[in-house]
Amino acid sequence: MKLSAEVEHLAPAQRWERRDEIPTTGEAWPLLGDLPAARRDPLAFHARAALAGDIVRLRLGRDVYLLNHPDDVQRVLHDNHTNYRKSFFYARMKPLLGEGLLISEGGAWRRKRRLAQPAFHRERLAAFAGIMVEHTKATLDRWSGAAVRNEPLDVAAEMKRLTLTIVGHSLFGFDLLGQAEEAGQALTEALRITNDRFWSLVYLPPSIPTPSNIRFARSMRVLDRVVNDVIAARRSGPTRPDLLGMLMEARDVETGEGLSDRELRDEVMTMVLAGHETTANALSWAFHLLSGAPSVDQGLHHEAASVLDGSDPTVEALPRLETASRVSQESMRLYPPAWAFGREAVEDDVFGAIRIRAGTALTICPWVLHRDPRWWDEPDRFDPDRFRPEAVKGRPRYAYVPFAAGPRMCIGNAFAQMEMQIVLAMVAARYRLAQVPGRPVEFEASVTLRPRKGIWMTAHPR
Ligand code: HEM
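Treat the numbers as computed from the prediction; the structure is a model and nothing was measured.

### Focus on the coordination of the iron atom of the ligand
There is one protein donor for the iron atom of the ligand, and it is Cys410 (SG), at 2.3 Å. Among the structural elements, Cys410 can be located in the loop between α17 (389-393) and α18 (413-430).

Below, the structure written as structure tokens:
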């Protein structure tokens, strides 16, 4: 981190945050600051901002410090993690997710994480592989008609449907899409409005009856009804060993109390939402990248054909699907579904020579970190070999954080990686996906990094 000589020579105790010493983007408007540029093209804006230094002050309604050095990312996510809570942006997701794992803090978060963690243990994950294979197979069978007719498919929509089905069946024993058609529509609408809220200049709380808040409330009523019905049915039925079953059985060691229906609803909603769009986007971007890299695509196909040899993937086969694993990691490097996430300092902290004050908002932006030429050679090139073990050893650990890191690292990380490996290998064994000419892919960076108008591809049988 570059600081002026004046600051370098201050005694540590004197090195209080000096706003003037922290570089800015240099493109802020008088009143609106960096908001217009950040809203217009968030990805390009953050990439430009990062050129100003390892810590850059963004003016996004309030000051937000962008952290561009892996050491600082490590400090926030790991070394001094107790000093950081989720930033103000997460409040905009609360109407959808309630007090679920992603948003809760402190003791409430620790308790829920402890309860949910066993559902993601290695042995449990092995049981999910069968569900992933079954539903991927059904999707690929469904594609065969379109493949014969050379008809384009929106791979992004297909992946969303598939990952939603997988997360629902694996963790809760139900499929939101299978419950009622209106549930799928309500989910799409609620997600769309939550994404819009992400960049809105003025955040009007859901209680204010704007047209969008009214539509949101209507969608939430549908979703809540569906989820609450599932919870009620499970309460009166036999116990099942999935995440919902575990959460329902769990009792607080001190009070002996279990989770209320409201708490269960929040966890179901959180897992369904955190677990399906992210993975669907990661897979969609992977197919997009593969269609522009025929040699990698061929390599993936050869691996899938020889390892699977016409049968379905099993947990035992996963370690041999190395290319599939590297393709998924490299896709999340270039197009990280969680392209940015935020924290807020609880107390003052020191980053190198800069001391930041309690309450300061920080952004960690995998989109930028994953393209920093200090750690990534030719960063724009799609090259899964970057994830060979010897290459990984040569990089700072915190230069790659698609799932965040530290205690609040994504709980579904291994689940998602297994799912991606299985889907990539099964698709590659059966089809070559080609981008449809004239239907360019557009990025939308809101809560997740998603393709704005889908990803249109044709499936060619191998
Ligand atoms: C490629 C797919 C995925 C990506 C890129 C991803 C990314 C992330 C990231 C970056 C975080 C940390 C957010 C923050 O600290 O602000 C997170 C948290 C979380 N993710 Fe994922 N995720 C993925 C898949 C999943 C899946 C499959 C599930 C569940 C089945 C899931 C459930 C969660 C939950 C519950 C949290 C909150 C954990 C906590 O705070 O304790 N995610 N995810």
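### Observations regarding empty space enclosed by the protein
The final tally for this structure, using the stated rule, is 3 cavities of 30 Å³ or more. Of the volumes computed, that of the second largest cavity is approximately 60 Å³. Every residue along the wall of the second largest cavity is listed here: Phe287, Leu290, Ser291, Asp297, Leu300, Leu424, Val427, Ala428, Tyr431, Leu433 and Arg462. Among the secondary structure elements, those contributing two or more residues to the lining of the second largest cavity are α13 (261-291), α14 (294-308), α18 and β9 (431-435). Looking at the lining of the second largest cavity residue by residue, the classes come out as 8 nonpolar, 1 polar and 2 charged.

### Some details on the nonpolar core
If you look at the biggest cluster of nonpolar residues, it comprises 144 residues, and the most contacted ones within it are Phe287 and Trp339. Sort the elements by how many residues they give to this core and α13 lands first, with 14 residues.

### Notes on the pairing of strand β2 (residues 63-67)
Most of β2 sits out of view: 4 of its 5 residues are buried. The pairing of β2 with strand β8 (residues 361-364) spans 4 bridges and is parallel. Within β8, the residue paired with Tyr65 across the bridge is Leu362.

### What about the sheet that holds β8?
Judged by pairing direction, the sheet is mixed, and its 5 strands sit side by side in the order β1-β2-β8-β5-β3 without closing on themselves. Either end of the sheet is taken by a strand with one partner, and the two such strands are β1 (55-59) and β3 (84-86). Looking at each pair of strands side by side, their axes are set apart by 35° on average, direction ignored. Here β1 pairs with β2 via 5 bridges, running antiparallel. From the neighbouring strand, Leu58 faces β2, where its bridge partner is Val64. Contacting β1, β2, β3, β5 (341-345) and β8, helix α4 (residues 70-79) crosses the sheet at an angle of about 115° to β8.

### Points about the environment of Met93
Topologically, Met93 is positioned in the loop between β3 and α5 (94-97). Looking at Met93, the relative accessible area reads 14%, which means it is buried. Setting aside chain neighbours within four positions, we find Met93 in contact with Gly98, Leu102, Ile103, Thr194 and Val447.

### Structural notes on the confidence of the model for the protein
Model confidence for the protein is summarised by a mean pLDDT of 89, while 94% of its residues fall at 70 or above. Within the model, the stretch residues 1-16 combines pLDDT values under 50 with 30 contacts to residues more than four positions away or in other chains.

### Quick notes on the pattern of salt bridges
Pairs can form between side chains of opposite charge once their charged atoms are near each other. What the rule picks out here adds up to 35 salt bridges. A salt bridge links Glu344 to Arg85; its shortest N-O distance comes to 3.7 Å. Of the two residues, Glu344 is situated in strand β5 and Arg85 in strand β3; the sequence distance between them amounts to 259 residues. Residue Glu344 is classed as buried on the basis of its relative accessible area of 10%. The partner of Asp242 in a salt bridge is Arg234, and the shortest N-O contact between them spans 2.7 Å. The exposure class assigned to Asp242 is buried, which follows from its relative accessible area of 6%. Taking relative accessible area as the criterion, Arg234 reaches 10% and is therefore assigned buried.

### Some points on the site of the ligand
The immediate surroundings of the ligand are formed by 29 residues, with Tyr90, Trp109, Arg113, Arg343 and Cys410 found nearest. Separating an oxygen atom of the ligand from a side-chain N or O atom of Arg343 is a distance of 2.5 Å. Considering every element that reaches the shell around the ligand, the biggest residue donor is α13, with 6 residues. Of the residues that constitute the shell around the ligand, the class distribution is 21 nonpolar, 4 polar and 4 charged.

Calculation rules
Residues numbered from 1 in each chain as written. Predicted model: local features only at pLDDT ≥ 70, side-chain atom pairs only at ≥ 80, totals over all residues. Heavy atoms only, no water. Donors = N, O, S within 2.8 Å, 3.2 Å for Na, K, Ca; no water. Helix = DSSP H or I, 4+ residues; strand = E, 2+ residues; numbered from the N terminus. 1 Å grid on protein atoms, 1.4 Å probe; cavity = no way out; pocket = protein on both sides within 12 Å on 5 of 7 lines; lining within 4 Å. Points joined across faces, edges and corners; volume = space filled by probe spheres on them. Nonpolar A, V, L, I, M, F, W, Y, C, P; charged D, E, K, R; others polar. Core = buried A, V, L, I, M, F, W, Y, C linked by side-chain atoms within 4.5 Å. Buried < 20%, exposed > 50% of the residue type's maximum accessible area, 1.4 Å probe, protein only. Pairing = 2+ DSSP bridges. Axes fitted to C-alpha atoms, helices over the stretch in contact; angles between N-to-C directions. Contact = heavy atoms within 4.5 Å. pLDDT = per-residue confidence, 0-100. Salt bridge = Lys/Arg side-chain N within 4 Å of Asp/Glu carboxyl O. Near = heavy atom within 4 Å. Polar contact = N/O pair within 3.5 Å; in protein donor to acceptor, adjacent residues only side chain to side chain.

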